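Spelled out from the first residue to the last, the chains are:
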Amino acid sequence: GLNDVKTFAEQGYTIRVWSYGTNFSECGLAFLVTELQNMNAHIEIAFIQIEDWRRVDINKLKQASYSVRKVTSDEKKKLIKIWSELKEKDTGLRFLTNGEIINVPITYFDDKILEFVENRKRKVRSVTITGHILGNTEQYVQSYFIQNRIKTLVDEGKLQNNGIVKGSCYEPDIYVTLKRD
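Worth saying up front: this structure is predicted, and the values here are computed from it rather than measured.

Participant: Can you help me understand the sheet that holds strand β7 (residues 159-164) in this one?
Facilitator: Strand pairing within a sheet occurs via backbone hydrogen bonds; the two strands may be parallel or antiparallel. Taking strand neighbours across the sheet as the criterion, the three strands line up as β6-β8-β7 in an open arrangement whose pairing is antiparallel. Because the sheet does not close on itself, it has two edges, and the strands there are β6 (124-125) and β7. Pairing analysis gives four bridges linking β7 to strand β8 (residues 174-178), with the strands arranged antiparallel. Each residue of the ladder has a partner; that of Gln160, found in β8, is Thr177. The sheet strands contacting helix α5 (residues 110-120) are β6, β7 and β8, and the helix crosses β8 at an angle near 85 degrees.

Participant: Just checking my understanding: could you explain the pattern of salt bridges for this structure?
Facilitator: When the charged atoms of two side chains lie near each other, side chains of opposite charge can form a pair. The full count for this structure, using the stated rule, is seven salt bridges. In this structure, Arg69 and Glu75 form a salt bridge, with 2.8 Å as the shortest nitrogen-oxygen distance. Here Glu75 falls in the partly exposed class, since its relative accessible area comes to 24%. Across the pair Arg149 and Asp110 runs a salt bridge, and its minimum N-O distance is 2.7 Å.

Participant: When you look at the sheet that holds strand β3 (residues 66-70) in this model, what are you seeing that I'm missing?
Facilitator: A sheet is described by the order of its strands in space; here three strands give the open sequence β1-β2-β3, paired in mixed fashion. The strands lining the two open edges of the sheet, one partner per strand, are β1 (14-19) and β3. Ignoring strand direction, the axes of neighbouring strands in this sheet form an average angle of 25 degrees. Across the face of the sheet, helix α2 (residues 23-35) comes into contact with β1 and β2 (42-48) while running at roughly 160 degrees to β1.

Participant: When you look at unusual backbone geometry in this model, what are you seeing that I'm missing?
Facilitator: Excluding glycine, residues mostly carry a negative phi; peptide bonds, for their part, are mostly trans. A positive phi angle, close to 50 degrees, is found at Asn40, a residue other than glycine. Along the chain, Asn40 falls in the loop between α2 and β2. Even without being glycine, Lys121 reaches a positive phi, approximately 55 degrees. Tracing the backbone through its elements, the reader meets Lys121 in the loop between α5 and β6.

Participant: What is the right way to look at the side chain of Arg94 in this model?
Facilitator: Topologically, Arg94 is positioned in strand β4 (residues 93-97). For Arg94, the side chain forms a polar contact with the side chain of Asn103, separated by 3.3 Å. For Arg94, the contacting residues outside a window of four places in its chain are Asn23, Cys27, Trp83, Leu86, Lys87, Ile101, Ile102 and Asn103.

Calculation criteria
Residues numbered from 1 in each chain as written. Predicted model: local features only at pLDDT ≥ 70, side-chain atom pairs only at ≥ 80, totals over all residues. Heavy atoms only, no water. Pairing = 2+ DSSP bridges. Helix = DSSP H or I, 4+ residues; strand = E, 2+ residues; numbered from the N terminus. Contact = heavy atoms within 4.5 Å. Axes fitted to C-alpha atoms, helices over the stretch in contact; angles between N-to-C directions. Salt bridge = Lys/Arg side-chain N within 4 Å of Asp/Glu carboxyl O. Buried < 20%, exposed > 50% of the residue type's maximum accessible area, 1.4 Å probe, protein only. Polar contact = N/O pair within 3.5 Å; in protein donor to acceptor, adjacent residues only side chain to side chain.

What follows is the structure in structure tokens.
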């Protein structure tokens, strides 16, 4: 965990961060640099060239090309500033747009979820909604985030829970429809 990384940094080891050019890896890098800022840590980035993280073949990942470079002191200052700003305006969801990490409202996908359910005109599985949303965004978002938004929309009365999908290996997998008054 983080404490192990801090121990290695204190012992003078170079810390290598694998970056994929996604919002998650960029936020993680900014966080790590901030956590190690008082240790004079040697940090390098190994950037993996993957065109579409939504369709990664794990066998090809081992053969992916990557480049390694040292994080400069100017970059560290910039990353620390970015992390500080992100923490100040934390909205719970961050995107990488034109090379910059930005906060977006946690409700960003709600209208897309509601529109998808409305267009289906029948009950739809929450995992189907999640797959549709993830397959139609350029941002890397974890499936549990979308599932949580669906649950929130049910809790807010915008979607109706029509029962658990029996035999599904996904948790929670529920049938939903638009809530009609």
